[in-house]
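Working through the structure, step by step
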2 protein chains.
Amino acid sequence: MRIRDIGEFGLIDRMARSLPPPGEGVVVGIGDDVAVLRSSDRYILATCDIQVEGVHFLKDKITPYQLGRKVVAINVSDIAAMGGIPRYLLVSLVLPKETEVEFVDGLYEGMREECSRWGAEIVGGNMAHSPDGIIVDLFLLGEVEPERLLRRAGAQVGDRVLVTGTLGDSAAGLALLLRPETVCPEAHHEFVLRRHLTPTPRLAEGRAVACSGLATAMIDVSDGLASDIGHICEMSGVGVRIRADALPISDAARAVAEAIGADLLEWALFGGEDYELLFTAPADRAPELARQVQEETGTPVSIIGEIVPAQEGMALVRADGVARPLRKGGWDHFRE
Amino acid sequence: MRIRDIGEFGLIDRMARSLPPPGEGVVVGIGDDVAVLRSSDRYILATCDIQVEGVHFLKDKITPYQLGRKVVAINVSDIAAMGGIPRYLLVSLVLPKETEVEFVDGLYEGMREECSRWGAEIVGGNMAHSPDGIIVDLFLLGEVEPERLLRRAGAQVGDRVLVTGTLGDSAAGLALLLRPETVCPEAHHEFVLRRHLTPTPRLAEGRAVACSGLATAMIDVSDGLASDIGHICEMSGVGVRIRADALPISDAARAVAEAIGADLLEWALFGGEDYELLFTAPADRAPELARQVQEETGTPVSIIGEIVPAQEGMALVRADGVARPLRKGGWDHFRE
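Residues numbered from 1 in each chain as written. Chains lettered and ligands numbered in written order. Predicted model: local features only at pLDDT ≥ 70, side-chain atom pairs only at ≥ 80, totals over all residues.

**Topic: the overall build of chain A**
Secondary structure assignment for chain A yields 10 helices and 13 strands. Counting all 336 residues of chain A, 59% fall into the buried class. Taking as baseline every contact in chain A between residues at least 6 positions apart, the subset at least 24 positions apart corresponds to 85%. (Helix = DSSP H or I, 4+ residues; strand = E, 2+ residues; numbered from the N terminus. Buried ≥ 20, exposed ≤ 12 C-beta atoms within 10 Å, placed from the backbone. Contact = placed C-beta atoms within 7 Å.)

So this is what it looks like as structure tokens:
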């Protein structure tokens, strides 16, 4: 069955029926001009993030279910990076008429599951037809207590730079998708593919960081570590020294890089889509914060560098102790 | 200059710099992971609406500035249809790398102007590159006092159906765009083009209807009168009789239909994109409500039909007094 057979309203009905009953905060969900949400005394967080066929995903390399999970996860990651909690999702779909209805079903199944995992719910959206590829654009609303809000601005000279989990796994997963003939152990293969296709937003970790009151700035690693620490530096008016040998790398990413002959450091610095949290905290509190987040969530936290004055710029200290300028690099949607 | 020359972050900087300073309600605007907004004791309204090149607009038939105004206007119209006020806008842009930066500048100029006209502000968004056409997807947050919220559900048997302004102008404008050789008076030409290219959301009218406390249901005419009254009927569990000779038609639409030899009634019923407000009110209060809205806003309001039991379905009463079934028709994004 193709979406041209059931039409826009048929498709909207189908998706609306597939959702669980709306929660208390939803006055009006899908089926009116806008979603209506009860307000509270918290700050409202609003973000959007998009997946474009042929740019962010290849239709033959990811299932609709995985895509649904991923696009929700990357939006939740943005809310987590402010120390907040995701609440309400609007789904904007642009689809060629020939799209299989099963594709949309799978996509929604993935979105529903990922939402329910993080306590969010789908309350609205729109559908339009596309002359070409599939585009999934999500708008996610969340909330945070004003005193727990963490921004990109706020890092101070002397602060340590911390990161959750491991870096470069998503790039390793993408490399494997594009070179499926690569030989490497099954467990490693699965791990990096999962990290690329269905990343886990660090929501509990973000809340732990925010609730600790110890962090000074936070962002999620979406464009790549170098690019994202660059955003913190720019917004905080500081520079940074990152220690290459402190970057947390998984055994799996290491194995894949070896099998392919890729530069692991490039993946960790510029790969992007790791959706780890990158944050800063005063030097004397950083080890305690790392330990605390790790204990609360089970996710390892590494101290990977320090904040320096802006005039020192961004530097990468290699294992030989020599500091070299760190280019922001990372993913820029309009350059090649 | 093309967007590939300045890159995503260059483009984001450029757009962020082009905005006026954020208002009081904005804790964090553009430049962090999400926008952070102060909350209040009102309901939050959340909507999204999209413009896809080749589907909703043709790049050589609308200027970037007009497109910017239009895409904001159609989202504001959704908020107006709930009786609310627009507040915060997130802009999701998907652009081919070869897009002229001037296109984005013009688009933002239009969005900024339309926002400032309705008291809304741009607080965030994202940009991605597209293998093909341009897509502008807006996410608009608004608010409404709980007691003033108007929904699609709520119309009662016996209620009258009211509509602001005139119907079919946008279809007439589109017809002229596609047949530029059509000869008709300049003033009519300009009027229907403006109605199609830069529609005016009926925000003041929506507030007047909501504040009157007299209306039972409301929607905006985006897909076409027949389709949109169909949404009210479906959500309210009722039927409707629309009187063809009561439909408000502008002299301009009439002149264009004559010049082209088009069916004016088809335009008024199924044309869509008029962004008028369609609402219902008890029979004994409807004339008073129509008068009140017209006096407050200067926009004419017409009584065009009545709500009947669901089993009578949707009917159009022609000038000859004969009622015929009214097909929902209107614009369905996935059918032809």
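Having seen the model, we can carry on.
**Structural notes on the pairing of strand E7 (residues 160-164) of chain A**
If a strand is regular, its side chains alternate between the two faces of the sheet. All names here are of chain A. E7 sits mainly inside the fold: 5 of its 5 residues count as buried. Because side chains alternate across E7, one face comprises the buried residues Arg 160, Leu 162 and Thr 164, and the other comprises Val 161 and Val 163, equally buried. Bridge analysis of E7 against strand E10 (residues 277-281) gives 4 bridges, and the strand direction is antiparallel. Among the inter-strand pairings, Val 163 is bridged to a residue of E10, identified as Leu 278. Where E7 and strand E11 (residues 301-309) come together, 5 bridges link them in antiparallel fashion. The residue of E11 that forms the bridge with Leu 162 is Ile 303. (Pairing = 2+ DSSP bridges.)

**Side note on the interface of chain B and chain A**
Interface size is often expressed as the accessible area that is lost when the parts come together. Between chain B and chain A, the residue contacts involve 65 residues of the former and 65 residues of the latter. Looking at which element gives the most residues to the side of chain B that touches chain A, the answer is strand E3 (residues 43-52) of chain B, with 9 residues. The residue makeup of the side of chain B that touches chain A, split by class, is 34 nonpolar, 14 polar and 17 charged. Sheet topology note: the strand E2 (residues 35-37) of chain A/E3(B) ladder contains 3 bridges and is antiparallel. (Nonpolar A, V, L, I, M, F, W, Y, C, P; charged D, E, K, R; others polar.)

**Here's the deal with the domain arrangement of chain A**
Residue and element names in this part refer to chain A. Taken domain by domain, chain A comprises domain 1 (3-148) and domain 2 (160-325). A total of 9 residues in the side of domain 1 that touches domain 2 trace back to one element, the largest contributor, which is helix H2 (residues 64-80). Class assignment of the residues belonging to the side of domain 1 that touches domain 2 gives a composition of 7 nonpolar, 3 polar and 5 charged. (Domains from an automatic or database assignment.)

**Focus: the relation of the copies chain B and chain A**
Mapping chain B onto chain A calls for a screw motion: a turn of 180° about the axis and a shift of 0.0 Å along it, with 0.0 Å RMSD after fitting. The transformation just described matches what one would write down for a two-fold rotation axis. Counting the interface residues of chain B, we find that 100% of their copies in chain A are interface residues as well, pointing to one common contact surface. (Least-squares fit on C-alpha atoms with pLDDT ≥ 70 in both.)

**Focus on the sheet that holds strand E7 (residues 160-164) of chain B**
Residue and element names in this part refer to chain B. A sheet is described by the order of its strands in space; here 7 strands give the open sequence E8-E10-E7-E11-E9-E12-E13, paired in mixed fashion. Each edge of the open sheet is held by one strand with a lone partner, namely strand E8 (217-220) and strand E13 (323-325). The mean angle between the axes of side-by-side strands here comes to 25°, regardless of whether they run parallel or antiparallel. Judged from the 4 bridges that link them, strand E9 (residues 238-243) and strand E12 (residues 314-317) form a sheet pairing that is parallel. Looking at the pairing, Val 240 lines up with Met 314 of E12. Helix H7 (residues 225-236) rests against E7, E8, E9, strand E10 (277-281) and E12 of the sheet, and its axis sits at about 150° to E9. (Axes fitted to C-alpha atoms, helices over the stretch in contact; angles between N-to-C directions.)

**Side note on the environment of Asp251(B)**
Residue and element names in this part refer to chain B. Mapped onto the secondary structure, Asp 251 falls in helix H8 (residues 251-260). For Asp 251, a count of 12 C-beta atoms within 10 Å gives the class exposed. In this structure, the C-alpha to C-alpha distance between Asp 251 and Asp 132, residues 119 residues apart in sequence, is 39 Å.

**Considering the sheet that holds E7(A)**
Residue and element names in this part refer to chain A. Here 7 strands make up an open sheet; going across it, the order is E8-E10-E7-E11-E9-E12-E13 and the pairing mixed. Of all strands in the sheet, those bounded by a partner on one side alone are strand E8 (217-220) and strand E13 (323-325). Direction aside, the axes of adjacent strands within the sheet are offset by 25° on average.

**Some remarks on helix H4 (residues 169-178) of chain B**
Within an α-helix, residues lying three or four positions from one another point in the same direction, as the helix has 3.6 residues per turn. Residue and element names in this part refer to chain B. Burial analysis of H4 places 8 of its 10 residues in the buried class, the great majority of the element. Every buried residue of H4 is listed here: Asp 169, Ser 170, Ala 171, Ala 172, Gly 173, Leu 174, Ala 175 and Leu 176. Where H4 is buried, its residues contact helix H5 (186-197), H8 and helix H9 (264-270).

**Observations regarding the packing of helix H5 (residues 186-197) of chain A against helix H8 (residues 251-260) of chain A**
Residues and elements named next belong to chain A. The interhelical angle for the contact between H5 and H8, taken along N-to-C directions, is 105°, at an axis separation of 9 Å. Judged by the angle between their axes, H5 and H8 are roughly perpendicular. Listed contacts from H8 to His 188, Phe 191 and Val 192 of H5 are Asp 251, Ala 252, Ala 253, Ala 255 and Val 256. (Parallel < 35°, antiparallel > 145°, perpendicular 65-115°, else oblique.)

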